[in-house]
Amino acid sequence: MIECKTSKEIGGMGHSKKRKEDARFIQGKGHYVDDVKLPGMVYMDIVRSPYAYAKIKRSTPPKPWPSLASWPW
Amino acid sequence: MKKSITLTVNGTAHTIEVEPRTLLVHAIREILNLTGTHVGCDTSSCGACTILIEGKSAKSCTVLAVQANGKSITTVEGLATAEGLHALQEGFHLNHALHCGFCTPGMMLRAVELLEKPQPQRRRDPLGNIRQPVPLHRIQQYRQGHSIRFRQDGRPRIALH
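Residues numbered from 1 in each chain as written. Chains lettered and ligands numbered in written order. Predicted model: local features only at pLDDT ≥ 70, side-chain atom pairs only at ≥ 80, totals over all residues. Heavy atoms only, no water.

Caption draft 1: Main features of the overall build of chain A. Of the regular secondary structure elements, chain A holds one helix and zero strands. In chain A, buried positions account for 11% of the 73 residues. Accessible surface for chain A amounts to roughly 7300 Å². Of this, 59% is attributable to carbon and sulfur atoms. (Helix = DSSP H or I, 4+ residues; strand = E, 2+ residues; numbered from the N terminus. Buried < 20%, exposed > 50% of the residue type's maximum accessible area, 1.4 Å probe, protein only. Areas by Shrake-Rupley, 256 points an atom, 1.4 Å probe, with all protein chains shown as cover.)

If you want it as structure tokens, here you go:
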């Protein structure tokens, strides 16, 4: 069997690779979706119908919603 | 009705205004802008939000910010010092103990507390963190305070627990 292993200096074949992205993740500097903040950003909720097959005639947003950006109907 | 609380986070005192219902994790992430602490499940199951309160690990999504008033808190941002990374951060990197890194801050902070306990207690301690399918043995190898041992051919000896 031929051993496919590059020298230690070169690395690569036969060597474990150190990940470049680890540095930010282990220091809490990763940028995940929930970390994104943009001007005018809103949160979205999907309200699903409890009925599997029905016609939507109208829908009203729940009352205590202070700053509703938009409501479909 | 907002309450004024003082939190010492990673050595710096912050006086902030929070609603009584504000969770500690939201105070840390949204008011102090330390987004290294993550919300994974919001039900205190996963442990991604783990922080240290007075040196003891706690899931910050189950603690109210007002409960931590006057307490000293360590988050992942406070692990590294001016001298460099914490040994655990170094270890997680060297042992490939993370993939996307979302759960990693919680893992490391839990490990900080775990490693301070005497050995027998440490072995029995449940993980308390749910993770993506990162090689668990790598995390455990590190968390149990094992240095990675190498076989004669130079490859690490992996012990499955």
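Caption draft 2: Geometry of the interface of chain B and chain A. Chain B puts 23 residues into the contact, and the matching count from chain A is 14 residues. Its largest share of buried area at the contact with chain A, chain B owes to B:His93, B:His96 and B:Leu98, together 31% of the area lost on that side. At the junction of chain B and chain A, the tally comes to two salt bridges. Close ionic contact of B:Arg29 with A:Asp35 constitutes a salt bridge, the shortest N to O distance being 2.7 Å. For the pair chain B and chain A, the number of links is 14 residue pairs in polar contact (both at pLDDT 80 or more). Of all elements in the fold, only helix H1 (24-31), helix H2 (87-94) and helix H3 (104-116) of chain B reach the threshold of two or more residues within the side of chain B that touches chain A. At four residues, the largest contribution of residues to the side of chain B that touches chain A is made by H2(B). (Contact = heavy atoms within 4.5 Å. Buried area = accessible area lost by both parts, 1.4 Å probe. Salt bridge = Lys/Arg side-chain N within 4 Å of Asp/Glu carboxyl O. Polar contact = N/O pair within 3.5 Å; in protein donor to acceptor, adjacent residues only side chain to side chain.)

Caption draft 3: A look at the pattern of salt bridges. All names here are of chain B. Taken as a whole and assessed by the stated rule, the structure comprises six salt bridges over all chains. Across the pair Glu-113 and Arg-110 runs a salt bridge whose closest N-O atoms are separated by 2.9 Å. One end of the pair is Glu-113 and the other is Arg-110, both in helix H3 and three residues apart, which spans about a single turn. According to the relative accessible area criterion, Glu-113 is buried, its value standing at 10%.

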